[in-house]
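# Structural overview
Listed below, chain by chain, are the residues.
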Amino acid sequence: MFFRLIPFRYNLRSLGRRRLRTMLTVVGISLVVFVCILMLSFSRGIKSSFSNTASSQNAIIVNANAFTDLTLSRVPKGVADNFAASANGIKEEHGQRLISPEVHLGSNIELSKDSGQFLFGVVRGVRPIAFRVHPQVGITKGREPAPGRKVIVGRLAATKLGIADDAIALGSTLYFEGDAWEVVGFFDAPGTAFESEIWCDVDDLIVSTKREEYSAISVVLESPEGFEDVDYFCKSRLNLELQAWKESVFYSRLAETLDPMIYLVGIMVVMVTGGGILAGMNTMYAAVLGRFQEFGILRLMGFSRLSILTGLCCESMLIAGTGGMLGAIFAEMIGGFSLRFPMGAFSLTVELEILLIGILQALFIGLAGGLLPGIRSIRMSQVDSIRAL
Amino acid sequence: MDHVRAVMPTLIKLNSCATNLDMVGIHGVDPSVLRSFRDFRLVAGSYDAFQAETGSALVGRELMERRGWTVGDAVDINRINFTIRGVFEDGGTTYESLALVHLTFLQQATGIGRDSWATQLYVRVDDSEKLDSVAARIDEVFDTDVFQTDTKPESAFLARGLEEFRDIAEFSQLLGYITALLTLILVANTIYMATQDRVKEIAILRTLGFMPERVLLLVVLESLTLSFIGGLLGAAGGYWIVNSGNYGVGIEGYQVAFVAEVHVFLFSFAVAILLGFLGGLLPAIAASRLQIVSGLRRVA
């Protein structure tokens, strides 16, 4: 028996015979793909906001007792100076070692003085060198933060504060830690947790919060092996109570706290895909059940069982593929919005890779949905097919 | 200070277990003031044993059940080792998701004991009406201190933490609505298919004298039966997955566990029934309007 494909036009017209059911299935599968793309983008976005924040070349030094808890970490100024002067393995640029002492804290922020309307935001006190230690950060408008309580605001800081994007303008004033801070610029750092922060001068923040310590020190390593030097320094100088982390490890430990949520998202993706397969199967079973006579004629015309099965799978994948494309287009259209979570905020960006996964998922639904009904239909012997006439 | 009945310094650690899907909230507290401060009910073990042994812990009922621990177990939570000496209930609050250990023990275990460090101070007032004024007074007193305070009622403190999850909760809700719509289409598709396959049967029923309303009722009942079985399986499956998985997130030092309660199970089940009804209605109307002659002719 030779293999001859049933003309594609024939499959296309077959779908038109059951318009309502075909349309329902297309809409159903488009919803499956839409939901799955959004869920995958959600888990990708939330995870990558941590992984993108970490630089493979960077290390972070915190108080040894704080583990990965920046809010508990306190590195006294003297200790930071000692580290800066003595630790090896740190990159130097233009005669300056790339060491950024920083204060990191959650703060209640007011948009107008004594309004009583506190918005919870994340503030990071930095020195100018922080922009070289965290090269992901770039000023998009205005200038760098400066002493005199001049702050810059991240692209997603408004989302983190739960206010409209235009609620904070250049020149406006924010009130936190008992002081007024003028907004002198805006910055972005695509896909990182920095974007949800407000950056200011570290010494200003230390004065306002009446503290005498930094939260952590971020450094750029001269090479991946440089971490061993930094780690050795922290371990050998026990009196300083410092602990070094590779940034990638540090932020992946932080991201672990969100794993339960991402795990549940995974379960939902699997279940919704299962629902899509059922919808596809339903349609194709219905398409097959009333067509045994038709298959008999096709067999008489010389089309093999495999040809008929291929044709049915094509029909099913066409329905699913159309639904998948619609779902992907819809997800792409509404993607790009921002969501906040306890440690910051992130943009739910629908990436091309995830769109392709969504469309492939639709095709898989189509194939899985068409295969079983198809196999059932071709099992009928040629004699029975002829009898069905 | 006036109206302050008790103060309890508390050191908070949120540590992961062997499986990183489960975070355990550990609060270091002073056992001598804990009892006067928190009106929980001890349901197993002994408070005296907890008070007498520095490396011991009182564990909330919810956490005990979640982790499958029993009184007397020696537990290792990421380098913090303690022995469980009691189990408490606190009216189903998030406090039941915590392990309470001695403050000094946790300070030593985490190496934060040098400065007698505490994450926060719990203050008990003698009159709840005075809560806001006492909070304001505390912040005023410590305004010039090295460590300034930010005092607020416990409920407001937790509400702020939960507020951080609002976007994610709303997003999940949106996905839930879309999934319900998807289910509606799936049900409608299935019932439509079922009626189309039985055109002859429906035409014969009409010939036998079944009125259109009766046919409509039959199809809707079929849809309801399917959604009843599916809803029961789905709601039970979801209930089991969420409750058996030890899922939760840390909010302000509390471990807020994802728990599917009975009312969530019932709500999901009711939604499934509703979707079954709505999804079956259109195909049922179409089936009830079937012309007897054309129905018999289509399959003759």
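Everything numeric here is computed off the predicted structure, so don't read it as measured data.

Quick notes on the rules
- Residues numbered from 1 in each chain as written.
- Chains lettered and ligands numbered in written order.
- Predicted model: local features only at pLDDT ≥ 70, side-chain atom pairs only at ≥ 80, totals over all residues.
- Heavy atoms only, no water.
- Helix = DSSP H or I, 4+ residues; strand = E, 2+ residues; numbered from the N terminus.
- Rg over C-alpha atoms; globule rule 2.2 N^0.38 Å.
- Contact = heavy atoms within 4.5 Å.
- Areas by Shrake-Rupley, 256 points an atom, 1.4 Å probe, with all protein chains shown as cover.
- Lys, Arg positive; Asp, Glu negative; His and termini not counted.
- Charge placed at Lys NZ, Arg CZ, Asp CG, Glu CD.
- Patch = residues over 30% accessible without salt bridge, like charges linked within 9 Å, V, L, I, M, F, W, Y side chains within 5 Å.
- Salt bridge = Lys/Arg side-chain N within 4 Å of Asp/Glu carboxyl O.
- Buried < 20%, exposed > 50% of the residue type's maximum accessible area, 1.4 Å probe, protein only.
- Buried area = accessible area lost by both parts, 1.4 Å probe.
- Polar contact = N/O pair within 3.5 Å; in protein donor to acceptor, adjacent residues only side chain to side chain.
- Domains from an automatic or database assignment.
- Phe/Tyr/Trp six-rings, centres within 6.5 Å; stacked < 30°, edge-to-face > 60°.
- Lys NZ or Arg CZ within 6 Å of the ring centre and 35° of its normal.

### Considerations on the overall build of chain A
Of the regular secondary structure elements, chain A holds 13 helices and 16 strands. Scaling as 2.2 N^0.38, a compact globule of 389 residues should have a C-alpha radius of gyration of about 21 Å, whereas chain A reaches 30 Å, well beyond that. If one aligns the C-alpha atoms of chain A with their principal axes, the spans along those axes are about 95 × 50 × 35 Å. Long-range pairs, those at least 24 residues apart, make up 80% of the contacts in chain A between residues at least 6 apart in sequence. Total accessible area on chain A stands at roughly 16,400 Å², and carbon and sulfur atoms take up 60% of it. Averaging the positions of the 36 positive and the 36 negative side-chain charges in chain A gives two centres separated by 16 Å.

### What about a nonpolar patch on the surface?
Judged by side-chain polarity, Met325, Ile329, Phe330, Met333 and Ile334 of chain A come together as a nonpolar surface patch covering roughly 480 Å² of accessible area. With a relative accessible area of 30%, Ile334 of chain A lands in the partly exposed category.

### Things to note about unusual backbone geometry
The backbone of His94 of chain A sits at a positive phi, close to 50°, despite the residue not being glycine. The phi dihedral of Arg149 of chain A is positive, around 60°, even though this residue is not glycine.

### Structural notes on the interface of chain A and chain B
One widely used convention gives an interface's size as the accessible area the parts lose upon coming together. At the interface, 54 residues of chain A touch 46 residues of chain B. Surface buried jointly by chain A and chain B totals about 4,600 Å² across both partners, of which 66% is contributed by carbon and sulfur atoms. Taken together, the links from chain A to chain B amount to zero salt bridges. Inspection of the chain A/chain B interface yields one residue pair in polar contact (both at pLDDT 80 or more). Looking at the side of chain A that touches chain B, the elements that each hand over two or more residues are helix 2 (19-51), helix 5 (157-161), helix 9 (259-289) and strand 15 (338-341) of chain A. A per-element tally of the side of chain A that touches chain B places helix 9 of chain A first, with 17 residues.

### As for the domain arrangement of chain A
Residue and element names in this part refer to chain A. According to the domain assignment, chain A contains domain 1 (8-51 + 258-388) and domain 2 (58-223). Using only C-alpha atoms to locate each centre, domain 1 and domain 2 end up separated by 47 Å. Contacts between domain 1 and domain 2 engage twelve residues on the former and ten residues on the latter. Summing both sides of the interface, domain 1 and domain 2 together bury roughly 780 Å²; the carbon and sulfur share of this comes to 51%. When the buried area of domain 1 at its contact with domain 2 is split by residue, Ser49, Arg340 and Ala345 rank highest and sum to 48% of it. In this structure, the connection of domain 1 to domain 2 is made through zero salt bridges. Connecting domain 1 to domain 2 are three residue pairs in polar contact (both at pLDDT 80 or more). Elements supplying a minimum of two residues to the side of domain 1 that touches domain 2: helix 2, strand 15 and strand 16 (344-347).

### Brief notes about the packing of aromatic side chains
Residues and elements named next belong to chain A. Counted by the stated rule, this structure contains 16 aromatic pairs over all chains. Ring geometry for Phe83 versus Phe233: centroids 5.5 Å apart, planes at 75°, classification edge-to-face. Of this pair, Phe83 sits in helix 3 (residues 77-86) while Phe233 sits in helix 7 (residues 226-236); the two residues are 150 residues apart in sequence, bridging distant segments of the chain. For the pair shown, Phe83 and Phe233 are each scored as buried. Relative to Trp181, the ring of Phe176 has its centre 4.7 Å away and its plane inclined at 5°; by these criteria the two rings are stacked. Taking NZ or CZ as reference, Arg149 lies 5.4 Å from the ring centre of Trp181, over its face.

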